[in-house]
Amino acid sequence: MTLEKTVIDNIKRIRKEKGITQEQLAEACNTATSYIGLMEIYRNVPKLSTIERIAAALGVEPQVLFQKREKDSPTERKIKAIKNTVMQSVEKELMRALREELY
């Protein structure tokens, strides 16, 4: 895996994990949405100054974007799936409780 691909993959992964759209990221970085989109399909390679702005917008240190990420083990994937299910249930119950409290 090339360093460029590592950086771009990390940007895309972190953006999605944080629920940030390409448009929101572009706005926070003062760049065009099309630039972010083309970057995520490896058509644009961000300059270091752009990587710094993207890292700030994502709330991470720039060096995080350069770190190779190990693939999740099957156990880690199961844990993440269970965590997501539990969090969704908690959110639903919280919303239900808040609605009941308001009415």
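For the structure itself, consult the block above.
Remember, predicted model here, so these are calculated numbers, not experimental data.

Novice: Quick rundown of the overall build of the protein chain? Include the residues and the values.
Specialist: Looking only at helices and strands, the protein chain has 5 helices and 0 strands in total. When the helices and strands of the protein chain are listed from N to C terminus, the series reads α-α-α-α-α. In summary, the protein chain has a C-alpha radius of gyration of 17 Å against a globular reference of 13 Å for 103 residues, an excess of more than 25%. On the principal axes, the C-alpha backbone points of the protein chain span a range of 50 × 35 × 20 Å. Counting only residues that meet the buried cut, the protein chain has 23% of its 103 residues in that class. For the protein chain, the share of sequence-separated contacts (at least 6 apart) that also reach a separation of at least 24 residues comes to 58%. If you average the places of the 19 positive and of the 15 negative side-chain charges in the protein chain, the two averages end up 6 Å apart.

Novice: Could you give an account of a nonpolar patch on the surface, with specific residues and numbers?
Specialist: Residues Leu3, Leu48 and Phe66 make up a contiguous nonpolar surface patch of about 300 Å² in total accessible area. Mapping Phe66 onto the fold places it in the loop between α4 (48–58) and α5 (74–102).

Novice: Give me the nonpolar core: which residues, what numbers.
Specialist: Counting 16 residues, the largest nonpolar core has Ile11, Leu25, Ile54, Leu58 and Leu65 as its most contacted members. For this core, the elements supplying multiple residues, two or more each, are α1 (3–17), α2 (22–29), α3 (33–40) and α4. Each residue touching Leu25, except ones within four places of it in the same chain, is listed here: Ile11, Arg15, Ile20, Ile36, Ile54, Ala57 and Leu58.

Novice: Hey, could you go over the environment of Ala26 for me, with residue numbers and the actual values?
Specialist: Tracing the backbone shows Ala26 in helix α2. Using a relative accessible area of 1% as the deciding quantity, one classes Ala26 as buried. Here the alpha-carbon distance between Ala26 and Gly37, two residues 11 residues apart in the chain, equals 9.2 Å. Sequence-distant contacts of Ala26, defined by excluding residues within four places in its chain, comprise Thr31, Ala32, Thr33 and Ile36.

Novice: Give a description of the packing of α2 against α3 that names residues and reports values.
Specialist: Relative to each other, α2 and α3 sit at 115 degrees, their axes nearing to 8 Å. Helix-helix and strand crossings are classified by hand; for α2 and α3 the assignment is right-handed. Across the interface between the two elements, Gln22, Glu23, Leu25 and Ala26 of α2 pack against Thr33, Ile36, Gly37 and Glu40 of α3.

Novice: Can you break down α4 residue by residue, with the values?
Specialist: Regarding α4, the residues found buried are Thr50, Ile51, Ile54, Ala55 and Leu58. Angularly, the buried residues of α4 cover 140 degrees about the axis, an arc narrow enough to put them on a single face. Counted as exposed and oriented over 90 degrees from the buried face of α4: Glu52 and Ala56. Buried residues along α4 sit in contact with α1, α2 and α3. Among the residues trailing α4, Gly59 stands out with phi positive, at a value near 75 degrees.

Cut-off values and rules
- Residues numbered from 1 in each chain as written.
- Predicted model: local features only at pLDDT ≥ 70, side-chain atom pairs only at ≥ 80, totals over all residues.
- Heavy atoms only, no water.
- Helix = DSSP H or I, 4+ residues; strand = E, 2+ residues; numbered from the N terminus.
- Rg over C-alpha atoms; globule rule 2.2 N^0.38 Å.
- Buried < 20%, exposed > 50% of the residue type's maximum accessible area, 1.4 Å probe, protein only.
- Contact = heavy atoms within 4.5 Å.
- Lys, Arg positive; Asp, Glu negative; His and termini not counted.
- Charge placed at Lys NZ, Arg CZ, Asp CG, Glu CD.
- Patch = residues over 30% accessible without salt bridge, like charges linked within 9 Å, V, L, I, M, F, W, Y side chains within 5 Å.
- Areas by Shrake-Rupley, 256 points an atom, 1.4 Å probe, with all protein chains shown as cover.
- Salt bridge = Lys/Arg side-chain N within 4 Å of Asp/Glu carboxyl O.
- Core = buried A, V, L, I, M, F, W, Y, C linked by side-chain atoms within 4.5 Å.
- Axes fitted to C-alpha atoms, helices over the stretch in contact; angles between N-to-C directions.
- Left-handed = near helix turned anticlockwise from the far one by under 90°.
- Arc of directions from axis to C-beta.

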